[in-house]
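Here is what each chain is made of, one letter per residue.
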Amino acid sequence: MERQTWERVDEYFTGQLLGPDPVLDAAQEANALAGLPAIDVSPAQGKLLHLLARTVGARRILEIGTLGGYSTIWLARALPADGELVTCEINPAHAEVARENVARAGLGGVVDVRVGPAIDTLPTLDGPFDLVFIDADKQSNAEYFRHALRLSRPGTMIVVDNVVRGGRVADTYNSDPDVRGTREVAEVIAQEPRVDATVVQTVGSKGYDGFLLALVRQDA
Ligand code: SAM
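Residues numbered from 1 in each chain as written. Predicted model: local features only at pLDDT ≥ 70, side-chain atom pairs only at ≥ 80, totals over all residues. Heavy atoms only, no water.

Looking at an unreviewed UniProt entry, one finds the protein named Putative O-methyltransferase YrrM and attributed to Pseudonocardia cypriaca.

This is how it looks when you write it as structure tokens:
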């Protein structure tokens, strides 16, 4: 199937099911103006994250990899007024754009952008979080997953983005560090009795990729 077909289908469903969203459009424009790479989740994927957060009744969300705050806004919109979303970003310029986008979205009161390598920020956080979205440097995915589990409770949903990598994840001998990091987190999760997990492969405006979903078991 042609990539063009995925994009048309994505556009169709986004038009049908998401509707106009000037706040998120403004965030994407601000990201482009600031020169941020367009590696945020797509609108349909953002809505999926939002629905997952509502499904688990999230009151506290942890995000690893903020960029300009596009997925942050989708997730934070699922929170109650007294909820909290902590998001980790290594690049101060990205964090600044994210703070502005989040404030414009009226979510400044619930979103806390922590600047620095996530691997330094995560040990300073206290759980539990109800949903964790892992979307930063892929080489560190396994370490991020370990922290996510430490910061979880039974019923926490952990989502890892970009696990399919155009299909390269299935190449046993691929030496790309992002592929290796993705295979490593899959292996860690496969051996982890405290979670039940699966993968959803996705196509659309962001090409061919996928999400790994891990639910912390009630008896964990
Ligand atoms: N979640 C965002 C969205 O969908 O709108 C996209 C995040 S983008 C794929 C990855 C982000 O992770 C980038 O902004 C990058 O600067 C950040 N990042 C990369 N390495 C990091 C690290 N070690 N610690 C924290 N953030 C990191």
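**Student:** Give a description of the sheet that holds strand β7 (residues 209–216) that names residues and reports values.
**Tutor:** One open sheet accounts for seven strands, arranged β3-β2-β1-β4-β5-β7-β6; its pairing is mixed. Whereas interior strands pair on both sides, the edge strands pair on one side only; in this sheet they are β3 (111–115) and β6 (195–202). Each neighbouring strand pair of the sheet contributes to a mean axis angle of 15 degrees, computed without reference to strand direction. In terms of strand pairing, strand β5 (residues 157–161) meets β7 through five bridges, oriented antiparallel. (Pairing = 2+ DSSP bridges. Helix = DSSP H or I, 4+ residues; strand = E, 2+ residues; numbered from the N terminus. Axes fitted to C-alpha atoms, helices over the stretch in contact; angles between N-to-C directions.)

**Student:** Report on the packing of helix α2 (residues 22–33) against helix α5 (residues 92–104), specifying residues and quantitative values.
**Tutor:** Packing of α2 against α5 leaves a shortest axis separation of 10 Å and a crossing angle of 160 degrees. In this view, α2 runs roughly antiparallel relative to α5, as classed from their interaxial angle. Helix-helix and strand crossings are classified by hand; for α2 and α5 the assignment is right-handed. Together, Ala26, Ala27, Ala30 and Asn31 of α2 and Val97, Asn101 and Arg104 of α5 make up the contact between the two elements. Taken together, the residues that form the contact of α2 with α5 break down as four nonpolar, two polar and one charged. (Parallel < 35°, antiparallel > 145°, perpendicular 65-115°, else oblique. Left-handed = near helix turned anticlockwise from the far one by under 90°. Contact = heavy atoms within 4.5 Å. Nonpolar A, V, L, I, M, F, W, Y, C, P; charged D, E, K, R; others polar.)

**Student:** Provide a residue-level description of the pairing of strand β1 (residues 60–64), including the pertinent values.
**Tutor:** Counting buried residues along β1, four of its five residues qualify, which places the element largely inside the surrounding structure. Pairing of β1 with strand β2 (residues 84–89) involves five bridges; the strand directions are parallel. Note that in β2 the partner of isoleucine 64 across the bridge is cysteine 88. Crossover connection from β1 via helix α4 (residues 70–76) to parallel β2: handedness right-handed. One ladder, built from four bridges, connects β1 with strand β4 (residues 131–134); its direction is parallel. Bridge pairing in β4 links leucine 62 to valine 132. (Buried < 20%, exposed > 50% of the residue type's maximum accessible area, 1.4 Å probe, protein only. Right-handed = clockwise from strand over helix to strand, strands pointing away.)

**Student:** Tell me about the packing of helix α7 (residues 141–150) against helix α8 (residues 177–190), and please be specific about residues and values.
**Tutor:** The geometry of a pair of packed helices is captured by two quantities: the angle between their axes and the separation between those axes. Two elements in contact, α7 and α8, have axes separated by 7 Å at closest approach and are oriented at 35 degrees. Two secondary-structure elements touch here, α7 through Asn141, Ala142, Phe145 and Arg146 and α8 through Gly181, Thr182, Glu184, Val185, Val188 and Ile189. Of the residues in the contact of α7 with α8, the class split is five nonpolar, three polar and two charged.

**Student:** Lay out the side chain of threonine 121 with the relevant residues and their values.
**Tutor:** Considering the arrangement of structural elements, one finds threonine 121 in helix α6 (residues 118–121). Among all residues touching threonine 121, those that are not within four sequence positions of it are Cys88, Arg114 and Gly116.

**Student:** Could you give an account of the site of the ligand, naming the residues involved and the relevant values?
**Tutor:** What surrounds the ligand is a group of 22 residues, the closest being Gly65, Ser71, Glu89, His94 and Asp135. Here a nitrogen atom of the ligand and a backbone polar atom of alanine 118 are 2.9 Å apart. For the ligand, whose accessible area on its own is 610 Å², the fraction buried by protein is 89%. Here the ligand is seated within the largest pocket. For the shell around the ligand, the class distribution of residues is 11 nonpolar, six polar and five charged. (Near = heavy atom within 4 Å. Polar contact = N/O pair within 3.5 Å; in protein donor to acceptor, adjacent residues only side chain to side chain. Areas by Shrake-Rupley, 256 points an atom, 1.4 Å probe, with all protein chains shown as cover. 1 Å grid on protein atoms, 1.4 Å probe; cavity = no way out; pocket = protein on both sides within 12 Å on 5 of 7 lines; lining within 4 Å. Sits in = over half its atoms within 2 Å of the grid points.)

**Student:** Could you give an account of a nonpolar patch on the surface, with specific residues and numbers?
**Tutor:** A cluster of nonpolar residues, Val9, Tyr12, Phe13 and Leu17, forms a patch on the protein surface that exposes about 410 Å² of accessible area. As for its position among the elements, tyrosine 12 is in helix α1 (residues 3–17). Judged by its relative accessible area of 46%, tyrosine 12 is partly exposed. (Patch = residues over 30% accessible without salt bridge, like charges linked within 9 Å, V, L, I, M, F, W, Y side chains within 5 Å. Salt bridge = Lys/Arg side-chain N within 4 Å of Asp/Glu carboxyl O.)

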